[in-house]
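Observations on the three-dimensional arrangement
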Amino acid sequence: MEQQSQFDIIIAGAGASGLSLMWFLLHSVKYKDSRILLVDRTLEPVNDKTWCFWDKSDMPFKDLIYHTWHSLEVAAHDKIFTEELLQYKYHCMRSVDYTAKMLRFLESKPNVTLLEANVQEFNPGDEIAEIVTSKGKFTAPWIFQSALKPPGLSRSKMDVSLMQHFMGWEIEAENPLFETDKATLMDFDVPQQNGVTFLYVLPFSETTALIEYTLFSGKILTDEQYEKGIRDYLLEKYGLVDGSYKINRKEKGIIPMEDREYPAWYCNRVLNIGTVGGLTKPSTGYTFTRIHRHSEEIVQALEQGNRPPDSKASSYRFRVYDMMLLYLLENHSATSITIFRELFKRNRFDRILQFLEEKTHPGQEIKIFSSLPYIPFFKAIWKTKHRILTGA
Ligand SMILES: Cc1cc2nc3c(=O)[nH]c(=O)nc-3n(C[C@H](O)[C@H](O)[C@H](O)COP(=O)(O)OP(=O)(O)OC[C@H]3O[C@@H](n4cnc5c(N)ncnc54)[C@H](O)[C@@H]3O)c2cc1C
């Protein structure tokens, strides 16, 4: 049978954003029966990412939540701050569960074509765009892509280019060690010689947890360095020596923390989504919730007969905050840790999450900033003024 080459919509990349957009399209009255092509180099669900996010309202995939924590902890300069969340809950979802469920759903749809192929490039057009893959060329009026870095990215203004890089071990101990309802967001009380470094601990049961050794810095470490960071922490914090626990799974990741703006469009009629669409919040790396919000916005615009919006992931105000924080993380790592400590010491955790989600109003933000050491922020404003004054 000859392969179909024209579609109503093409989605390139079947990760968090591609599958999210698929889900919203297939739940839309206008698009549920459209001919949609989904392309990825592999359509095999893999347990390689644990996505965490917080939410106080109903969310579409909540049956996929793997674990929820009601309390969070942050440690810095030998002080530990723990708080029970009142408005939000902190959840995690495993990429394997998300992908498997979405693909099962897609396989049941006769109007959806799934293609395992390498995406090579996109070609613009006035009415339709083209995707070039290792298994042929396909066209559609709209293509949404999360597979390739947009060509315009290298031309965006950028002063800070950091990475959030980490290795995590999902360990299983013989004896109960963890509080299952409390996640450690950041424990900075570890050696800091390679940049801002912290441990992130997500307990799934009293004996199992994901322990991530994480850095905000410009340089990736060797596997041995991340592993040593985890081992030392397990020993120091939980008294676990090598061999006294099992490592059930390893996870590694690099998330961009950059102050440049990502171009909305790859080329005419090809919209960037997900990480390559600039959906990552530069100062924290959180992307997952923003991805679903973006998918909803895209589908709403299409349903109304409009072009998908090239809306910015963050407003000007929040871009300026992110820029200041990135400047401090890159240039004043010790001060950054003091800022995190003061932030969590002097503000309710719910309010901090609301701020990180960019849902606070200016009055609440002034209160948050007035709880922090202000001289570093004046310095950051001075150093980033060329960006602040030109629209960030
Ligand atoms: C290990 C890890 C943990 C993370 N944890 C969190 C978290 O806790 N919370 C949070 O908010 N964010 C987190 N993030 C950041 C972000 O949410 C994820 O990276 C998320 O997966 C981004 O979605 P995406 O669709 O942009 O990219 P992806 O999910 O990576 O999807 C891109 C897809 O494109 C495919 N692809 C790429 N190139 C090609 C090509 N040339 N041809 C064909 N297919 C191609 C890939 O196979 C992949 O399936 C994490 C990131 C990583 C790496």
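Data block above holds the structure.
1. Section: unusual backbone geometry
- In this structure, H77 takes a positive phi of about 50° despite not being glycine.
- Note on placement: H77 falls in the loop between β5 (71–76) and β6 (79–84).

2. Topic: the site of the ligand
- The full set close to the ligand counts 30 residues, and S17, D40, C52, T275 and T287 are the nearest of them.
- Note that an oxygen atom of the ligand is positioned 2.6 Å from one of the side-chain N or O atoms of S17.
- Against a free-state accessible area of 980 Å², the protein chains account for coverage of 86% of the ligand.
- Put simply, the parts of the chain that give the shell around the ligand at least two residues each are α1 (16–26), β3 (50–55), β17 (245–258) and α4 (288–303).
- A per-element tally of the shell around the ligand places β17 first, with 4 residues.

3. Description of the layout of surface pockets
- A volume near 470 Å³ is recorded for the second largest pocket.
- Forming the walls of the second largest pocket are 26 residues, and the residues nearest its centre are G277, G278, K312, A313 and S314.
- Mapped onto the lining of the second largest pocket, the elements with two or more residues apiece are β17, β19 (270–272), α4 and α5 (316–331).
- When residues in the lining of the second largest pocket are grouped by element, the largest group, 4 residues, is from α4.
- Looking at side-chain class alone, the lining of the second largest pocket contains 8 nonpolar, 8 polar and 10 charged residues.

4. Regarding the state of the cysteines
- Inspection of the entire model under this criterion finds 0 disulfides.
- Between C52, a cysteine without a disulfide, and C92, which holds the nearest cysteine sulfur, the sulfur-to-sulfur distance is 4.8 Å.
- Judged by its relative accessible area of 8%, C52 is buried.
- Taking the relative accessible area as the measure of exposure, C92 reaches 0% and is therefore buried.

5. What about the nonpolar core?
- One finds Y90 and L202 to be the most contacted residues of the largest nonpolar core, which totals 47 residues.
- In terms of residue count, α5 provides more of this core than any other element does, 7 residues in total.
- When residues of this core are sorted by domain, at least three fall in each of domain 2 (161–258) and domain 3 (316–388).
- Counting 37 residues, the second-largest nonpolar core is a separate cluster that includes F24, I273, F288 and L302.

6. Looking at helix α2 (residues 95–107)
- Compared with an ideal rise of 1.5 Å per residue, which puts 13 residues at 18 Å, α2 spans 18 Å between its outermost C-alpha atoms and is within 8% of the ideal.
- Buried within α2 are the following residues: S95, V96, Y98, T99, M102, L103 and L106. Buried residues of α2, seen end-on, are gathered within an arc of 160° and therefore sit on one face of the element.
- The secondary structure elements touched by the buried residues of α2 are α1, β2 (36–40), β3, β7 (89–94), β8 (112–116) and α4.

7. Points about the packing of aromatic side chains
- One pass over the structure, following the stated rule, counts 30 aromatic pairs.
- Arranged with centres 5.8 Å apart and planes meeting at 65°, the rings of Y98 and F288 form a pair that is edge-to-face. You can see Y98 sitting in helix α2 and its partner F288 sitting in helix α4, a full 190 residues away along the chain. Like F288, Y98 is buried.
- Three or more aromatic residues joined by ring pairs make a cluster, and in this case those are W23, F24, W51, F53, F61, Y98 and F288.
- Seen from the ring of W142, R269 lies directly overhead, with NZ or CZ sitting 4.2 Å from the centre.
- The lysine or arginine in question, K385, covers the ring of W382, its NZ or CZ lying 3.8 Å from the ring centre.

8. So, the pairing of strand β14 (residues 182–187)
- Among the 6 residues of β14, 6 are classified as buried, and the element is accordingly described as predominantly covered.
- In the sheet, β5 pairs with β14 via 5 bridges, with the strands oriented parallel. Residue pairing across strands places L72 opposite A183, the latter belonging to β14.
- Strand direction decides the pairing type here: β14 and strand β15 (residues 196–203), joined by 2 bridges, are antiparallel. Residue pairing in the sheet places T184 in a bridge with V201 of β15.

9. Let's talk about a nonpolar patch on the surface
- A cluster of nonpolar side chains, Y374, I375, F378 and I381, forms an exposed patch at the surface whose accessible area comes to about 460 Å².
- Among the secondary structure elements, Y374 is positioned in helix α9 (residues 374–383).

10. Overview of the environment of P151
- With respect to the helices and strands, the residue P151 is situated in the loop between β12 (142–145) and β13 (161–173).
- Taking the relative accessible area as the measure of exposure, P151 reaches 44% and is therefore partly exposed.
- For P151 and T208, which are 57 residues apart along the polypeptide, the C-alpha to C-alpha distance reads 43 Å.

11. Topic: the sheet that holds strand β10 (residues 129–133)
- Across the sheet, which stays open at both edges, the 3 strands sit in the order β9-β10-β11 with antiparallel pairing between neighbours. At either end of the open sheet lies a strand with only one pairing partner, and these are β9 (119–123) and β11 (136–140). Pairwise comparison of adjacent strand axes, ignoring direction, gives a mean angle of 20° for this sheet.
- With 4 bridges joining them, β9 and β10 adopt antiparallel strand pairing. Note on β10: the bridge partner recorded for N123 is E130.

12. Structural notes on the pattern of salt bridges
- In this structure the tally under the stated criterion is 26 salt bridges.
- Ionic pairing is found between D63 and K101, a salt bridge with its closest N-O pair at 2.5 Å. With a gap of 38 residues between them, D63 in the loop between β3 and β4 (65–69) and K101 in helix α2 connect regions that are remote in the sequence.
- Overall, D63 belongs to the exposed group, its relative accessible area being 52%.
- Measuring nitrogen to oxygen at the nearest pair gives 3.1 Å for the salt bridge that ties D259 to R387. Of the two residues, D259 sits in the loop between β17 and β18 (265–267) while R387 sits in helix α10 (residues 385–388), which places them 128 residues apart along the sequence. Taken individually, D259 and R387 each receive the classification buried, so the pair is uniform in this respect.

What counts, and at which threshold
Residues numbered from 1 in each chain as written. Predicted model: local features only at pLDDT ≥ 70, side-chain atom pairs only at ≥ 80, totals over all residues. Heavy atoms only, no water. Helix = DSSP H or I, 4+ residues; strand = E, 2+ residues; numbered from the N terminus. Near = heavy atom within 4 Å. Polar contact = N/O pair within 3.5 Å; in protein donor to acceptor, adjacent residues only side chain to side chain. Areas by Shrake-Rupley, 256 points an atom, 1.4 Å probe, with all protein chains shown as cover. 1 Å grid on protein atoms, 1.4 Å probe; cavity = no way out; pocket = protein on both sides within 12 Å on 5 of 7 lines; lining within 4 Å. Points joined across faces, edges and corners; volume = space filled by probe spheres on them. Nonpolar A, V, L, I, M, F, W, Y, C, P; charged D, E, K, R; others polar. Disulfide = S-S within 2.5 Å. Buried < 20%, exposed > 50% of the residue type's maximum accessible area, 1.4 Å probe, protein only. Core = buried A, V, L, I, M, F, W, Y, C linked by side-chain atoms within 4.5 Å. Domains from an automatic or database assignment. Expected span 1.5 Å × (residues − 1). Arc of directions from axis to C-beta. Contact = heavy atoms within 4.5 Å. Phe/Tyr/Trp six-rings, centres within 6.5 Å; stacked < 30°, edge-to-face > 60°. Lys NZ or Arg CZ within 6 Å of the ring centre and 35° of its normal. Pairing = 2+ DSSP bridges. Patch = residues over 30% accessible without salt bridge, like charges linked within 9 Å, V, L, I, M, F, W, Y side chains within 5 Å. Salt bridge = Lys/Arg side-chain N within 4 Å of Asp/Glu carboxyl O. Axes fitted to C-alpha atoms, helices over the stretch in contact; angles between N-to-C directions.

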